[in-house]
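# Secondary and tertiary structure notes
One letter stands for each residue in the lines below.
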Amino acid sequence: MIAIDGPAGAGKSTVARLVAKETHLPYLDTGAMYRCVALQALNDNVDPHNQAAVARIASEISIVLEGSATFLNDVDVSNDIRTPEVAAVVSVIAALTPVRDAMRTQQREWIARHGGGVVEGRDIGTVVFPDADVKVFLTASPEERARRRVAQAGGNIDEVAAGISERDHIDSTREDSPLRPAENSVIVDSSGKSIDEVVAEIVNAFEVTRR
Ligand code: DC
């Protein structure tokens, strides 16, 4: 079991998918789960700050993650959860404790069912699976993270940088499981490193635990 946490734009998804491929472990993107709750709240015109209403959504919707596809109530929302509208509200929703409790329960069930995996998020090494074989905190400079997001999804660099820094602020200052490196985590700064280098570093750290 490999836990990969870190801020937006650090390259977690790309790296986690490749690590999963190399280690032949299944891959779980927990951010996609919070994005499903956000998408459903938007679709239902629910105020993201309305804890009771958002909590109800989190407990009622069905989220299924298969490979890199995400299904919300049996509909493939893999693209719909990546819109700027979802990005704008997801941090607020992810700060709500009842939402986090519901998502963590499902994450633990997913791992139990799959017998392990490469799991990426913000609180995987700190709270969800503190006993993971390898805990990675993957980060990069704010400028590099904004540049990567623009290269991937387009947009204005200043607006993207402002959005990322606002999300980081909400994610790392919330009361419930703020984003921070787990105890005994390997801190990997991906600024100026190739994807392959970062993947190799994490795969090596995992292989050492298997010996
Ligand atoms: O990794 P991402 O950008 O898809 O994450 C979307 C949001 O969900 C982001 O604001 C952080 C939050 N999140 C979280 O709080 N805990 C996780 N384990 C994963 C994501």
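Rules used throughout
- All residue numbers refer to position in the chain's written sequence, counted from 1.
- In view of the model being predicted, local features appear only for residues whose pLDDT reaches at least 70, and side-chain atom pairs are presented and counted only at 80 or more, with totals across whole chains, interfaces and linings using the full set of residues.
- To get the side-chain values, take all heavy atoms of the structure and skip hydrogens and water.
- Throughout this document, a residue counts as near a molecule or strand when at least one of its heavy atoms sits within 4 Å of that molecule or strand.
- Counting of polar contacts relies on pairs of N or O atoms within 3.5 Å, with two restrictions inside protein: one atom must be capable of donating a hydrogen and the other of accepting it, and residues adjacent in sequence are counted only when both atoms are side-chain atoms.
- In these tables, accessible area is a Shrake-Rupley quantity obtained with a 1.4 Å probe, and a residue counts as shielded only by the protein chains included in the view.
- Strands are runs of DSSP state E lasting at least 2 residues, helices are runs of H or I lasting at least 4, and numbering of each runs from the N terminus.
- When residue character is reported, Ala, Val, Leu, Ile, Met, Phe, Trp, Tyr, Cys and Pro are called nonpolar, Asp, Glu, Lys and Arg charged, and the others, Gly included, polar.
- Note on pairing: two strands pair once DSSP finds at least 2 bridges between them.
- In this description, a line fitted to the C-alpha atoms serves as the axis of each element, helices being fitted only across the stretch in contact, and the angle between N-to-C directions of two axes falls anywhere from 0 to 180 degrees.
- Throughout, a contact is declared for two residues whenever any of their heavy atoms are within 4.5 Å.
- Expected span of a helix, by definition, is 1.5 Å for each gap between consecutive residues, and there is one gap fewer than residues.
- A simple rule labels every residue: compare its accessible area, found with a 1.4 Å probe on the protein chains alone, to the largest value its type can have, and call it buried under 20%, exposed over 50%, or partly exposed in between.
- This arc is built from the directions going out from the helix axis to the C-beta atoms.
- In this description, a nonpolar core means a group of buried Ala, Val, Leu, Ile, Met, Phe, Trp, Tyr and Cys residues linked to one another through side-chain atoms lying within 4.5 Å.

## Examining the site of the ligand
- The environment of the ligand is formed by 16 residues, the closest being Arg-35, Arg-100, Arg-122, Asp-123 and Arg-174.
- Between the ligand and Ser-91 there is a distance of 3.0 Å, counted from an oxygen atom to a side-chain nitrogen or oxygen.
- In this structure, Arg-174 approaches the ligand through a side-chain N or O atom, which is 2.7 Å from an oxygen atom.
- Contact with the protein chains covers 97% of the free accessible surface of the ligand, which is 450 Å².
- Put simply, the parts of the chain that give the shell around the ligand at least two residues each are helix 2 (30–43), helix 4 (84–94) and helix 8 (157–173).
- Per-element accounting of the shell around the ligand gives the leading share, four residues, to helix 2.
- Within the shell around the ligand, the residues separate by chemical class into four nonpolar, four polar and eight charged.

## Thoughts on the sheet that holds strand 7 (residues 134–139)
- Read across the sheet, five strands follow the order 2-6-1-7-8 without closing on themselves; strand pairing throughout is parallel. Of all strands in the sheet, those with a lone pairing partner are strand 2 (27–29) and strand 8 (186–189), marking the two edges. For this sheet, the mean angle separating the axes of adjacent strands, direction not counted, is 20 degrees.
- For strand 7 and strand 8, the ladder comprises four bridges, and the chain directions are parallel. Looking at strand 8, one finds that Val-136 is bridged to Val-186.
- On top of the sheet, helix 1 (residues 12–23) reaches strand 1 (2–5), strand 2, strand 6 (118–121) and strand 7; it is set at about 175 degrees to strand 6, its chief contact.

## Topic: helix 9 (residues 195–210)
- For helix 9, built from 16 residues, the straight-helix expectation of 22 Å at 1.5 Å per residue is met to within 8% by its first-to-last C-alpha distance of 23 Å.
- For helix 9, the complete set of buried residues consists of Val-198, Val-199, Ile-202, Val-203 and Phe-206. The buried side chains of helix 9 occupy one side of the element, clustering within an arc of 125 degrees when seen end-on. Within helix 9, the exposed residues directed more than 90 degrees away from the buried face are Asp-196 and Val-208.
- Those residues of helix 9 hidden inside the fold are in contact with strand 1, helix 1, strand 7 and strand 8.

## Topic: the nonpolar core
- By size, the foremost hydrophobic cluster in this structure holds 38 residues, and its most contacted members are Met-1, Val-37, Ile-93, Val-99, Met-103 and Phe-129.
- Elements supplying a minimum of two residues to this core: helix 2, helix 3 (51–60), strand 3 (63–66), helix 4, helix 5 (97–114) and helix 6 (124–128).
- Sorting elements by how many residues they give to this core places helix 2 first, with eight residues.
- Those residues in contact with Phe-129 that lie beyond four places of it in its chain are Met-1, Gln-107, Arg-108, Ile-111, Val-119, Ile-124 and Lys-135.
- In this structure, Ala-16, Ala-20, Leu-138 and Val-199 belong to the second largest nonpolar core, which totals 19 residues.

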